[in-house]
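Descriptive analysis of the structure
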Amino acid sequence: MSLDNESMTIYGDSISGNCLKVKFVADRLGLPYDWVEVSVLKGETRTPDFLAMNPAGQVPVVLFADDGPLAQSNAIMLHLAQNTDLIPDDAFDRALMFQWLFWEQKFVEVLSRNINGLMEASIAVGTPGARAIFQ
Ligand SMILES: N[C@@H](CCC(=O)N[C@@H](CS)C(=O)NCC(=O)O)C(=O)O
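To keep things clear, this report deals only with the structure shown in the data block. (Residues numbered from 1 in each chain as written. Predicted model: local features only at pLDDT ≥ 70, side-chain atom pairs only at ≥ 80, totals over all residues.)

1. Description of the overall build of the protein chain
Regarding its fold elements, the protein chain presents 5 helices and 4 strands. N-terminal to C-terminal, the α/β element order of the protein chain is β-α-β-α-β-β-α-α-α. Its C-alpha atoms put the protein chain at 50 × 35 × 25 Å along the principal axes. Within the protein chain, buried positions represent 16% of all 135 residues. For the protein chain, the proportion of contacts with a sequence separation of at least 24, taken over those separated by at least 6, is 53%. (Helix = DSSP H or I, 4+ residues; strand = E, 2+ residues; numbered from the N terminus. Buried ≥ 20, exposed ≤ 12 C-beta atoms within 10 Å, placed from the backbone. Contact = placed C-beta atoms within 7 Å.)

2. Structural notes on the site of the ligand
Taken together, 14 residues are adjacent to the ligand, and S16, N18, Q58, V59 and S73 come closest. Going through the elements one at a time, α3 (73-81) and α4 (91-124) are the ones with two or more residues in the shell around the ligand. (Near = placed C-beta within 6 Å.)

3. Observations concerning α4
In a regular helix each residue adds 1.5 Å, so 34 residues correspond to 50 Å; α4 covers 48 Å between its end C-alpha atoms and thus fits that length. Along its length, α4 reaches its greatest deviation from straightness, about 40°, at E104. Counting buried residues along α4, only 0 of its 34 residues qualify, which leaves the element largely exposed. With its phi angle positive at about 75°, G126 sits one or two positions after the end of α4. (Expected span 1.5 Å × (residues − 1). Bend = angle between axes of the 7 residues up to and from the residue.)

4. Remarks on the pairing of strand β1 (residues 8-12)
Within β1, 4 of the 5 residues are buried, leaving the element largely enclosed by the surrounding structure. Bridge count between β1 and strand β3 (residues 61-64): 4 bridges; the pairing is antiparallel. Looking at β3, one finds that T9 is bridged to L63. Where β1 lies against strand β2 (residues 34-37), 4 bridges are found, and the strand directions are parallel. Paired with G12 across the bridge in β2 is E37. (Pairing = 2+ DSSP bridges.)

5. Details of the sheet that holds β2
Read across the open sheet, the 4 strands follow the order β2-β1-β3-β4; overall the sheet is mixed. The open sheet has two free edges, formed respectively by β2 and β4 (68-71), since each of these has just one partner strand. Direction aside, the axes of adjacent strands within the sheet are offset by 20° on average. Across the sheet, helix α1 (residues 17-29) is in contact with β1 and β3; its angle to β1 comes to roughly 150°. (Axes fitted to C-alpha atoms, helices over the stretch in contact; angles between N-to-C directions.)

6. Digging into unusual backbone geometry
Among all residues except glycine, the phi angle is most often negative; among peptide bonds, the trans geometry is most common. Omega for the peptide link from V59 to P60 comes to 5°, which places this bond in the cis form. Its place among the elements puts P60 in the loop between α2 (48-53) and β3. With a phi close to 75°, Q72 is a non-glycine residue in the positive phi region. With respect to the element layout, Q72 can be found in the loop between β4 and α3.

So, in structure tokens, the structure goes:
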């Protein structure tokens, strides 16, 4: 199956690594898309319209014209990359790719979430300069 002819819209926040991962895969594959900027910091993932698309209230979400919405950056990337050179044909090489994807979600994402929490807490308690640094 090719995604070349299925129009898609990426709902993402351009300061989010998870969203940029999806964008970079689409760009690398030359897949056309519309980008809709959704600010996490402004709470735009919590509107009724957005929650109808992804009840988890998170970006990225890709809305496929034929199939509907798909969330989770790694699920989206794997879907976009099917039948392309980004996914190895060899089963073990493919498993090594999954190894990295699972590791990234478990460790890198959790680390970045903690940093985001620290950032939001710093702004909330009014740490001098926090807003200027983080926003
Ligand atoms: N495991 C998800 C994580 C998605 C995620 O944490 N998205 C963040 C931005 S990086 C978000 O939308 N946060 C808003 C919220 O949780 O309220 C993925 O890889 O897509």
